[in-house]
Amino acid sequence: MAENITHGIRTDDPADIGRRVLRLRTKAGLTQKQLAEPAYTAAYISTLEAGKVRPSETALRHLAGRLGTTVEELTTGRPPHLATGLRMRLTDARRTLATGEAEDAAALFRALHDETAALGLVPEQAAALQGLGDCALETGDLTDARDRFAEAEALLADEPLPRRVPALRGRATAHLLAGELRYSCYLLETAVDELNASGMHDPDALLLLYTASIAPYMDMGAHARAAHAAELALTLAPQVDNPALVAGMHRGVARTLIAEGRIAEADASLAKAQELYRQLHIRTELAHCHWMRGYVHAQDGNLRKAESELRTARDMLASKRAALFTVQVEVELADVLRRRGKTAEAEELLHPLLSPDALGAERGAVHAGGAHRLLGLIAEDRGDTDRAEEHYCAALSLLERTGAAGDLADLCRLLGDLLRRTGRTEAALDAYRTGLGHRAAPGTTTLGPAPTAPPQWPRP
């Protein structure tokens, strides 16, 4: 059977459509002339029913209205309620992902993917793939997440860019979590440029892209770009009705405020995000808010509150079996524990995280580097300089692949100080020079021109 694609729906060949029109016309008791009028002729209906012509979109809408059915039923033979029922089940699967475990949600999305693929329902199939990608992000299977999001993008290749943005953003997030910061930025910036250059001012899509770009910008040390993305996101927010997108924006903006030392404003922004996620019952994102509030308190020197928030985040993520996010929180919790003098507990928390199944070069490289950095500090505190140097070098090896400029500069300073104290002055100078190279122009040596801003807004 030949198939075509019309607005994301696979349509049958003209002969099948013609037979369908004939059957429904006969059932309705209409003559060819009655069905045709006033826009078409009886001869056109006769030709169509014989399968000799494919009706246009306009003709299909006319026929569907006269026959009391839908364009989808005419072109595919599927009853109109079928896609509606599948979309309701997709919503249920999303709710399961938000409130329960990713594995349970993935089972629902897999079943929906198979059904929608068999029925040729392209938008619903893409939505199921995006759901599977989000489940894979939670469980930490970043390769599977990238593949699922890429499949969704490919299915929607003929759709306008705004419809592809959620899948593209998911793929960029998977690359970010794997430590591929530059490529994550490239994906997001390219989409922003395409949207703005084409005049497709879609506030939801732009807000999603600008918000998603904040994290890789910050990790790369491109703070000016991150701040500008946050500014544009805040400008877009009043035009967006989706509360989950607005909550994500507040969470992203908070990170730029922390970097600028505006701690109270960052905490207020996180509180707004937290309240929205609480109303929406999205537990993973709510846990991320606790996580970031813990970071805010740590930056502000309130280590007791930081520990409390990070433990809450870890427990919430662990209860959802969000494996990768859980171990990433544990790295930040270990940092707070070390600073509070709970060194043994911090070390006990960190060592299991360095197994390939927890963190590594392909699975959370930035946080894996952070874990090695902390273990190096702990070893230094004990006077074990050899062990400290091993951890610092392991951290450098991981972070150099990511381009995380700020973390790299700090690590080079720690390694340089260690080498200087142990009498290796030349090696120390090399480490300092490397660190200065990363700090000199953060983000500008690895990123191209800033993405095009909408015409009414200035470039960064």
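Residues numbered from 1 in each chain as written. Predicted model: local features only at pLDDT ≥ 70, side-chain atom pairs only at ≥ 80, totals over all residues. Heavy atoms only, no water.

Trainee: Requested: an account of the environment of Thr143, with residues and values cited.
Mentor: Structurally, Thr143 can be placed in helix H9 (residues 142–155). Once the C-alpha coordinates of Thr143 and Ile45 are considered, the two residues, 98 residues apart in sequence, prove to be 51 Å apart. (Helix = DSSP H or I, 4+ residues; strand = E, 2+ residues; numbered from the N terminus.)

Trainee: Can you tell me about unusual backbone geometry, naming the residues and giving the values?
Mentor: Negative phi is the rule for most residues except glycine; trans is the rule for most peptide bonds. Here the amide bond leading from Glu37 into Pro38 is cis, since omega sits at 0°, within 30 degrees of zero. Looking at the element boundaries, Pro38 is found in the loop between helix H2 (32–36) and helix H3 (42–49). Positive phi, close to 60°, is recorded for His281, a residue that is not glycine. Counting through the fold element by element, His281 comes out in the loop between helix H15 (263–280) and helix H16 (283–299). Judged by relative accessible area, which is 53%, His281 ranks as exposed. For Arg321, which is not glycine, the phi dihedral falls at a positive 60°. The residue Arg321 is located in the loop between helix H17 (303–319) and helix H18 (323–339) in this model. (Buried < 20%, exposed > 50% of the residue type's maximum accessible area, 1.4 Å probe, protein only.)

Trainee: Before we move on, can you summarise the state of the cysteines with the specific residues and values?
Mentor: Any covalent bond linking the sulfur atoms of two cysteines counts as a disulfide. This structure, assessed with the given rule, holds zero disulfides. Distance from the sulfur of Cys412, which forms no disulfide, to the nearest cysteine sulfur (Cys393) is 9.9 Å. (Disulfide = S-S within 2.5 Å.)

Trainee: Describe the nonpolar core, and please don't skip the residues or the numbers.
Mentor: Among the nonpolar cores identified, the biggest contains 103 residues, and Leu209, Tyr210, Leu350 and Tyr392 are the most heavily contacted of them. No other element matches helix H12 (residues 203–220), which puts eleven residues into this core. Counting residues in hydrophobic clusters, the runner-up holds 14 residues, among them Leu97, Ala105, Ala106 and Leu112. (Core = buried A, V, L, I, M, F, W, Y, C linked by side-chain atoms within 4.5 Å.)

Trainee: So what about the pattern of salt bridges? Which residues, and what values?
Mentor: This model, assessed by the stated rule, comprises 35 salt bridges. For Glu153, the salt bridge goes to Arg171, with nearest N and O atoms at 2.5 Å. Of the two residues, Glu153 sits in helix H9 while Arg171 sits in helix H10 (residues 161–177), which places them 18 residues apart along the sequence. Classification of Glu153 by relative accessible area gives buried; the value is 13%. Salt-bridge contacts for Glu330 lead to Arg314; the nearest nitrogen and oxygen are separated by 3.8 Å. Of this pair, Glu330 sits in helix H18 while Arg314 sits in helix H17; the two residues are 16 residues apart in sequence, bridging distant segments of the chain. Residue Glu330 is classed as buried on the basis of its relative accessible area of 13%. (Salt bridge = Lys/Arg side-chain N within 4 Å of Asp/Glu carboxyl O.)

Worth remembering: the numbers are spatial, not functional.
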